[in-house]
Amino acid sequence: MSEPILKVEKLNRFFGALHATKDVSFTVPEGQVRAIIGPNGAGKSTLMDLITNRTAPSSGKVIFRGEDITGLAPEKIVHKGMTKCFQISKLFNNLTVYENVQIPRIEMNRRTFRPFPVRDTYLKDEVVRYLSLVGLEDKLNETAAYLSYGDQRRLDIAIALAMDPKLLILDEPAAGVAREEAYKLMQLIRDLGKRQNMTIIFIEHDMDIVFNYADEISVLRDGELIATGTPDEIKENAYVQEAYLGGDLD
Ligand SMILES: Nc1ncnc2c1ncn2[C@@H]1O[C@H](COP(=O)(O)OP(=O)(O)OP(=O)(O)O)[C@@H](O)[C@H]1O
Ligand SMILES: [Mg+2]
């Protein structure tokens with residue numbers, strides 16, 4: 001058996017008196033698509049922030065590719081191969097699709113930082129390659145702010161891919177996107193993962209998406225990880241049935 005790419009050990013986080021994650025432990029095998037589900041406030045986003053060290057854990061460990069990365073600076077974690085997808089920041093809204101991917105490529109190439117404007121064609125081949133992965137290669141010069149919402153989500157993913165992740169974490173990647181586009185996006189994410197043996201962890205509320213696109217599902221409730229299993233196993237879970245499925249399966 002190969003080592004899991006990610007191993008989380010007894011992660012706790014307190015916000016004052018609020019115990020947002022409670023002794024959360026789990027592993028994710030390399031190449032898997034893992035969904036994290038649970039009601040609002042269950043601690044899903046906090047857990048992802050602890051894994052990427054955007055929030056420091058109160059206690060516990062994060063082991064990534066066999067290395068203890070607990071407490072490592074978030075940008076160093078990115079260089080180790082773990083990227084969390086962000087919804088586009090306002091800063092990047094005024095830039096073109098092309099520039100939004102060029103910036104992380106400049107960072108990943110670790111070249112000397114150049115104040116803008118950089119040459120238009122700088123790193124062009126690789127930038128276009130990342131945009132092609134998400135189907136945005138024909139929209140290089142469009143301003144990010146004017147893209148459709150679905151295309152903005154695709155651009156988010158391209159920006160994350162430009163950091164060459166081995167593990168890609170997505171917090172509700174299809175939120176706010178129409179159903180058909182949400183399915184296309186999730187299929188794209190899954191295909192990308194399987195093609196490049198990139199592990200994916202995604203948070204999602206829509207159970208149709210979760211059951212269709214996850215290899216395994218982990219369930220959080222009140223900060224506790226209460227179950228991990230395949231879609232078929234999780235469909236049988238008593239809490240999931242009550243909370244999500246109204247006891248009425250399929
Ligand atoms: N920075 C913070 N300061 C104080 N409390 C916080 C902070 N971040 C999260 N919390 C609290 O921790 C708990 C877990 O929040 P979290 O955002 O992780 O939930 P979630 O499962 O992602 O919910 P949702 O499905 O609504 O996104 C909530 O009670 C939330 O109010
Ligand atoms: Mg959340």
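Residues numbered from 1 in each chain as written. Chains lettered and ligands numbered in written order. Predicted model: local features only at pLDDT ≥ 70, side-chain atom pairs only at ≥ 80, totals over all residues.

Caption draft 1: Broad picture of the site of ligand 1. Taken together, the residues surrounding ligand 1 are F15, L18, A20, G38, N40, G41, A42, G43, K44, S45 and T46. When contributions to the shell around ligand 1 are tallied by element, the ones reaching two or more residues are β2 (18-28) and α1 (44-51). With 3 residues, α1 is the single largest residue contributor to the shell around ligand 1. Its residues placed into classes, the shell around ligand 1 shows 4 nonpolar, 6 polar and 1 charged. (Near = placed C-beta within 6 Å. Helix = DSSP H or I, 4+ residues; strand = E, 2+ residues; numbered from the N terminus. Nonpolar A, V, L, I, M, F, W, Y, C, P; charged D, E, K, R; others polar.)

Caption draft 2: Summary view of the packing of helix α4 (residues 97-108) against helix α6 (residues 149-161). Packing of α4 against α6 leaves a shortest axis separation of 8 Å and a crossing angle of 25°. With respect to α6, the axis of α4 lies roughly parallel. At the point where α4 passes α6, the crossing takes the right-handed sense. Seen from α4, the contacting residues are V97, N100, V101 and P104; seen from α6, they are L155, A158 and I159. (Axes fitted to C-alpha atoms, helices over the stretch in contact; angles between N-to-C directions. Parallel < 35°, antiparallel > 145°, perpendicular 65-115°, else oblique. Left-handed = near helix turned anticlockwise from the far one by under 90°. Contact = placed C-beta atoms within 7 Å.)

Caption draft 3: Here's a closer look at the domain arrangement of the chain. Domain boundaries assigned for the chain yield domain 1 (1-81 + 165-250) and domain 2 (86-159). One C-alpha centre belongs to domain 1, the other to domain 2, and the line joining them spans 26 Å. Listed as interface residues are 9 residues of domain 1 and, on the opposing side, 6 residues of domain 2. (Domains from an automatic or database assignment.)

Caption draft 4: Local environment of the nonpolar core. Counting residues in hydrophobic clusters, the biggest one holds 61 residues, and the most contacted among them are V101, L131, A158 and L168. For this core, the two domains that each supply at least three residues are domain 1 (1-81 + 165-250) and domain 2 (86-159). The contacts of V101, once residues within four sequence positions are left out, are V127, Y130, L131, A158, I159 and A162. (Core = buried A, V, L, I, M, F, W, Y, C linked by C-beta atoms within 7 Å. Buried ≥ 20, exposed ≤ 12 C-beta atoms within 10 Å, placed from the backbone.)

Caption draft 5: Looking closely at unusual backbone geometry. The phi dihedral of D164 falls on the positive side, at around 50°, and the residue is not glycine. Examined against the element boundaries, D164 turns out to sit in the loop between α6 and β7 (167-171). The phi torsion at E172 lies on the positive side, around 50°, for a residue other than glycine. As for its placement among the helices and strands, E172 is situated in the loop between β7 and α7 (179-196). With 17 C-beta atoms counted inside 10 Å, the residue E172 sits in the partly exposed group.

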